[in-house]
Amino acid sequence: MASQKRVLLFGDQTVDVYPAIQDLVRQSRHSLTLQTFLQNACDVLQCETAKLHTHDRERFQAFDSILSLAEAHITGRLDVVISTVLLCVAQLGTLIL
């Protein structure tokens, strides 16, 4: 029996991910797995942004959660890197549900 391969396609950066992130945060109150994923994603992003050069680090305003990163992103200058990160978190979080 041949193994099946699956491909997961994400949308592009034109998608407004803020409502999706808000929804995931709301739903995480009832899902420990989703809560853990969102916290781990935030922790990894904070660690990785701390390693960036100062100029690159300025793209990421201070954030203490994925939601606060999304809020800072939509109220400031939109950045394709942050949009991509948030889209990935939103899509993976949706898969967890």
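Residues numbered from 1 in each chain as written. Predicted model: local features only at pLDDT ≥ 70, side-chain atom pairs only at ≥ 80, totals over all residues. Heavy atoms only, no water.

Chemist: What should I look at first to understand the overall build of the protein in this one?
Modeler: Per the secondary structure count, the protein includes 5 helices and 0 strands. When the helices and strands of the protein are listed from N to C terminus, the series reads α-α-α-α-α. For the C-alpha atoms alone, the extent of the protein along its principal axes is close to 50 × 30 × 25 Å. A buried classification covers 30% of the 97 residues belonging to the protein. A fraction of 55% describes how many contacts in the protein between residues 6 or more apart in sequence connect residues 24 or more apart. Counting only carbon and sulfur atoms, one obtains 56% of the accessible surface of the protein, whose full area is about 6,800 Å². Each charge class in the protein was averaged separately, 8 positive and 10 negative side chains, and the resulting centres sit 7 Å apart. (Helix = DSSP H or I, 4+ residues; strand = E, 2+ residues; numbered from the N terminus. Buried < 20%, exposed > 50% of the residue type's maximum accessible area, 1.4 Å probe, protein only. Contact = heavy atoms within 4.5 Å. Areas by Shrake-Rupley, 256 points an atom, 1.4 Å probe, with all protein chains shown as cover. Lys, Arg positive; Asp, Glu negative; His and termini not counted. Charge placed at Lys NZ, Arg CZ, Asp CG, Glu CD.)

Chemist: Quick question: what am I supposed to make of the state of the cysteines here?
Modeler: Think of a disulfide as a covalent bridge from one cysteine sulfur atom to another cysteine sulfur atom. Applying the stated criterion across every chain, the model contains 0 disulfides. The structure places no disulfide on Cys42, whose sulfur is separated from the nearest cysteine sulfur, that of Cys47, by 9.5 Å. A relative accessible area of 48% places Cys47 in the partly exposed class. (Disulfide = S-S within 2.5 Å.)

Chemist: Before we go on, may I ask you to explain the nonpolar core in this structure?
Modeler: In summary, soluble globular proteins display a tendency toward joint burial of nonpolar side chains. Of all hydrophobic cores here, the largest spans 20 residues; its most connected members are Ile21, Leu38, Phe63, Ile66, Leu69, Leu86 and Val89. For this core, the elements supplying multiple residues, two or more each, are α1 (18–28), α2 (32–50), α4 (66–75) and α5 (80–96). Sorting elements by how many residues they give to this core places α2 first, with 6 residues. (Core = buried A, V, L, I, M, F, W, Y, C linked by side-chain atoms within 4.5 Å.)

Shape descriptors only; they carry no functional weight alone.
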